[in-house]
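Observations on the three-dimensional arrangement
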Amino acid sequence: MVLPSLPRLQIALADLLCQGPAVEWKQPRGVLPTLDPGPNRNTLTRRRSAVDQSNERWLPVVGFEGVYEVSDLGRVRGVPRANSRGDRLPGKVLRGVRHSAGYMKVHLRREGRSHNLYVHRLVLTAFVGPCPLGMEALHRDGDPANGSLANLHWGTHAENVSDIIRHGRHLPTLVTHCKFGHRLAEPNIAAAAARRGHRGCLACSRARAYVYQVDGLDFKQISDRYYAEIMGA
Ligand SMILES: [Zn+2]
């Protein structure tokens, strides 16, 4: 029996490895939170257990009082309640879902409807107060998954973008305009895109969110209006 020479074998192997079916990866949508199964059953719990939780403070989630609570360590749980025998049951901590830009989100239910919300916003709203007009939630250490109160504050959009650049997420400078002709420069930079390392058009991202809610709108017209507003025209 004649064995193929090593280079031939490598080529055959490379062919084999490249011929997998072309499957497009899709971000799963609408994943519901599963209840925390207890200590050390998932990586999130394991990682969090390194943080001292003995002084963890809990406050009601604004808008979900009596149903959910959020902590200064960025955890969300169902409100502790008593069972029929009067025993106090601890609230189950929600596991949360990591959003594509790295932020943690949780699904909260209220009156039969599910609400998919950013954990960092729940923390700031409960412990600091509602988001001041025109402000955004900022992460001091640049880690979007760190939703502890000590790491968060409300700040301006300009601060958010300069933080992202300061935290080493370099923005490519070759692209100067979005495909609708909006200049990709401060203040028209989408923070979520900047975190992923590219320049995203803030006007278009706001227009996408708006058009998503209302049918039959002209995207170009709406995004131009947002652009004018952002640039202070
Ligand atoms: Zn644009």
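Residues numbered from 1 in each chain as written. Predicted model: local features only at pLDDT ≥ 70, side-chain atom pairs only at ≥ 80, totals over all residues.

Some words on the overall build of the protein chain
Along the protein chain, the regular secondary structure elements total 7 helices and 10 strands. For the protein chain, with 233 residues in total, the buried portion stands at 23%. For the protein chain, long-range pairs separated by at least 24 residues make up 42% of all intrachain contacts whose partners lie at least 6 apart in sequence. (Helix = DSSP H or I, 4+ residues; strand = E, 2+ residues; numbered from the N terminus. Buried ≥ 20, exposed ≤ 12 C-beta atoms within 10 Å, placed from the backbone. Contact = placed C-beta atoms within 7 Å.)

Brief notes about unusual backbone geometry
The omega torsion across Glu186 and Pro187 is 5°, close enough to zero to call that bond cis. Locating Pro187 in the fold gives a position in the loop between α4 (157–166) and α5 (191–195). Phi at Glu111 is positive, roughly 50°, even though this residue is not glycine.

Comments concerning helix α6 (residues 202–213)
Across its 12 residues, α6 extends 17 Å between first and last C-alpha, which sits within 8% of the 16 Å expected from 1.5 Å per residue. When we look at burial in α6, the residues that qualify are Leu202, Ala203, Cys204 and Ala207. Contact partners of the buried residues in α6: α7 (219–230). (Expected span 1.5 Å × (residues − 1).)

Concerning the environment of Val211
Summarising the element assignment, Val211 is placed in helix α6. Note: C-alpha distance between Val211 and Ile222 (11 residues apart in sequence) is 8.0 Å. Once residues within four sequence positions are removed from consideration, Val211 is found in contact with Leu217, Phe219 and Ile222.

Side note on the sheet that holds strand β1 (residues 58–60)
One open sheet accounts for 3 strands, arranged β1-β2-β3; its pairing is antiparallel. Looking along the sheet, the strands with just one partner apiece sit at the ends: β1 and β3 (76–78). Within this sheet the neighbouring strands show an average axis-to-axis angle of 35°, counted without direction. Bridge count between strand β2 (residues 68–71) and β3: 3 bridges; the pairing is antiparallel. Bridge assignment links Tyr68 to a residue of β3, and that residue is Gly78. (Pairing = 2+ DSSP bridges. Axes fitted to C-alpha atoms, helices over the stretch in contact; angles between N-to-C directions.)

Notes on the nonpolar core
Residues Val61, Val76, Leu122 and Val123 are the most contacted members of the largest nonpolar core, which totals 20 residues. Counting residues per element, the ones that place at least two in this core are β2, β7 (104–110), α3 (119–127) and β9 (135–139). Element by element, the count of residues in this core is highest for α3, at 5 residues. Those residues in contact with Leu122, other than ones at most four positions away along the chain, are Val61, Val70, Val76 and Leu117. With 14 residues, the next largest nonpolar core counts Cys178, Ile189, Cys201 and Ala207 among its residues. (Core = buried A, V, L, I, M, F, W, Y, C linked by C-beta atoms within 7 Å.)

Points about the environment of Arg195
Within the secondary structure, Arg195 sits in helix α5. Accessibility expressed as a C-beta count within 10 Å gives 22 for Arg195, which makes it buried. Along the backbone, Arg195 and Asn160 are 35 residues apart, and their C-alpha atoms lie at a distance of 9.9 Å.

Focus: the sheet that holds strand β8 (residues 113–118)
Sheets are built from strands paired through backbone hydrogen bonds, the pairs being either parallel or antiparallel. Strands sit in the order β6-β7-β8 across an open sheet of 3 strands; the sheet is antiparallel. With one partner strand each, in any of the chains shown, β6 (97–98) and β8 form the two edges of the open sheet. Of the pairings in the sheet, the one linking β6 to β7 comprises 2 bridges and is antiparallel in character. Its bridge partner being in β7, Arg98 is matched across the sheet by Met104. In the packing of α3 onto the sheet, the strands contacted are β7 and β8, and the crossing angle to β8 comes to about 85°.

Some details on the confidence of the model for the protein chain
Averaged over every residue, the pLDDT of the protein chain is 78; the share at 70 or more is 74%. Between the elements of the protein chain, mean pLDDT differs from a low of 43, seen in helix α2 (residues 43–48), to a high of 97, seen in α3. Between residues 11–49, whose pLDDT stays under 50, and residues either more than four places distant or in other chains, the model counts 22 contacts. (pLDDT = per-residue confidence, 0-100.)

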